[in-house]
Amino acid sequence: MTETSKWQRLALCGVLLYMGILLARNMGAYAGGSDSSGYMNFARLLREGATTETQRCIEGLRPSDLPGYAYVPLGFVPQDEIRLVPTYPVGLPLLIAGTSRICGPALAPSLVIWFHGMAGLLLFYGLGRQAGMGRWWALAGLIILGVGSLYLSFSVQLMSDMPAMVWALAAVLAAWQARRSAWWSLAAGMAMAVAVLIRPSNLLLMIPIGVALGLDWRRWLGLVLGGLPGAVLLAAVNQSLYGKAYISGYGNFWILFSPSCVGPVLMHYIRWLPIVLTPLVVLAPLAPWLCRRELSSAQFLVLVLWPLSFLSFYAFYPFTSETWWYLRFVLPAFPPLLILSLLAARRLTRRFQREHLNWAAFLMLIVCVVWSYKWSHKLYAQGFGKEESMYPESCALLQATAPGNAVVLGCQTSGALLYYTRHIIGRLACMEDGSWERVVAASRSAGRPVYALLFPFELPELDKGKIPGHWVKVGAVRQVTLWRLDPP
């Protein structure tokens, strides 16, 4: 080992140690809003050997007496009069449930997300090396990606976006390695299966993976054999929960997609991609022309088609342009985009090389690292996980304040209420057309007090909206407030 390579490996280990501590200190993998509570509740069901949840109902007030989702917390859809089925895919809940067998259900969610956050960095480093980048360039890219606001924010909370990106990265890397040995295609198939189990839209990976595998039938056979168990599992779960093997809990997801979304989404890309991936990303489109002699045509096709597939698909999705962190949908496109940017930057700065040192490249990468770090702090990316702790804390306040037979109204908190408490949950959004009056009457008849656990945007419903009455504030955890309904 040369002196230079020794320092490079020490630097890599130092960066990974720093990132590991940073993610661990800011971790907040809890049952919170719709997504995180949906994954946690699904994982809890899997640990219990079940896939459906029983609706918790007030005595004498059946689900059919109220609007369809009145007893349904976020993260679930009704299967029939009694049973609820999870909305979200089975992949991440399976990982959490499996990990909980080793370290317990309390630690498993944090460990799963922390592992994926760290694995994504290592796999990105491997992608850079496979693309012909030197260790210092690959390490610089790893730092830019790791301290970036989007990567960091979804490495400290329980969402499927980071695992979806990591398994996508693993699948494409394994497919490329299959050019050296066809056995790698088995690994590519297995990684692809996990990626799709976590997020069905990862089927888009078939475009870059198909290019990476080429026309060798042995590689394709390995891909099919590796992915077949996952495909069978996904079809079986969908058939059991939703009645058809090709239907998911999202329902008719395609009605949301529209060509009218393309313009706003493209403007959103132009505005926010240079922020979350640094201005270096504007060089990515130049890479195929600047670096065409450095990589094979197949390698460039993989690196170009991979991000284009995801960016194009989600350009038709209305939520993509809603806020900066909704770029989480296109996180699987980030590694190849950053690799293309770094390849182009390396090519442009080579003319400034002097005696093995490239000061222009060095300064540019330092600026990009500082840019990522500053924007992460400005957008409070590392605080996303800590903010999630308000959900279990507010549920703990409820349990300490309200009797065990209370009916609790909420919407944003409903999934957390299902996970952390045994209370009957009334979904605030469904208290209309006389439903609220029936809930109050049935609760009083059954001797059940009524409480509400609400976020600020839900507070107007207390007095002049869907749930009028004499409400008394009995506690708060940061933004979440707890209210009790007293007799008139």
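Higher on the page you've got the structure.
Trainee: Would you take a moment to explain unusual backbone geometry for this structure?
Mentor: Leave glycine aside and you will find that most residues have negative phi; peptide bonds, for their part, are mostly trans. Phi at Tyr380 takes a positive value of approximately 55°, unusual for a residue other than glycine. When you line up the elements, Tyr380 lands in the loop between helix H15 (359-378) and helix H16 (384-388). Residue Tyr380 is classed as partly exposed on the basis of its relative accessible area, which comes to 39%. Despite not being glycine, Arg478 shows a phi value in the positive range, around 55°. For Arg478, the location among the structural elements is in the loop between strand S9 (470-477) and strand S10 (480-486). A relative accessible area of 44% places Arg478 in the partly exposed class.

Trainee: How do you make sense of the state of the cysteines when you look at a structure like this?
Mentor: Under the counting rule described, the total for this entry stands at zero disulfides. Free cysteine: Cys395, not disulfide-bonded; nearest cysteine sulfur from Cys411 at 14 Å. A relative accessible area of 1% places Cys395 in the buried class.

Trainee: I keep staring at the environment of Leu17 and nothing clicks. Help me out?
Mentor: Secondary-structure assignment places Leu17 in helix H1 (residues 3-25). As a C-alpha pair, Leu17 and Met118 span 101 residues in sequence and 9.6 Å in three-dimensional space.

Trainee: Hey, could you run me through the packing of aromatic side chains in this one?
Mentor: Within a pair of aromatic rings, the relevant descriptors are the distance that separates the centres and the angle that separates the planes. Enumeration according to the criterion identifies 20 aromatic pairs in this entry. Between Tyr317 and Phe319, the ring centres sit 5.4 Å apart and the planes meet at 65°, which makes this aromatic pair edge-to-face. Classification of Phe319 as partly exposed rests on a relative accessible area of 31%. Look at Trp325 and Tyr326: their rings are 4.7 Å apart centre to centre, the planes differ by 90°, and that puts the pair in the edge-to-face class. Judged by relative accessible area, Trp325 falls into the partly exposed class, the value being 29%. Each member of the aromatic cluster is reached from another via a ring pair, and the members are Phe257, Phe313, Tyr314, Tyr317, Phe319, Trp325, Tyr326 and Phe329.

Trainee: Please explain the environment of Tyr250 as it appears in this structure.
Mentor: Here Tyr250 lies in the loop between helix H10 (217-242) and helix H11 (262-276). For Tyr250, a relative accessible area of 34% puts it in the partly exposed group. Distance in space between the C-alpha atoms of Tyr250 and Thr87 is 6.0 Å, their sequence separation being 163 residues. Among all residues touching Tyr250, those that are not within four sequence positions of it are Thr87, Tyr88 and Pro89.

Trainee: Would you mind going over the side chain of Asn202 with me for this structure?
Mentor: Within the element layout of this structure, Asn202 appears in the loop between helix H8 (184-198) and helix H9 (206-213). A polar contact of 3.4 Å, which involves the side chain of Asn202, links it to the backbone oxygen of Ala164. Setting aside residues no more than four positions away along its own chain, Asn202 makes contact with Ala164, Ala168, Met192, Ala195, Val196, Phe310 and Pro332.

About the criteria used
Residues numbered from 1 in each chain as written. Predicted model: local features only at pLDDT ≥ 70, side-chain atom pairs only at ≥ 80, totals over all residues. Heavy atoms only, no water. Helix = DSSP H or I, 4+ residues; strand = E, 2+ residues; numbered from the N terminus. Buried < 20%, exposed > 50% of the residue type's maximum accessible area, 1.4 Å probe, protein only. Disulfide = S-S within 2.5 Å. Phe/Tyr/Trp six-rings, centres within 6.5 Å; stacked < 30°, edge-to-face > 60°. Contact = heavy atoms within 4.5 Å. Polar contact = N/O pair within 3.5 Å; in protein donor to acceptor, adjacent residues only side chain to side chain.

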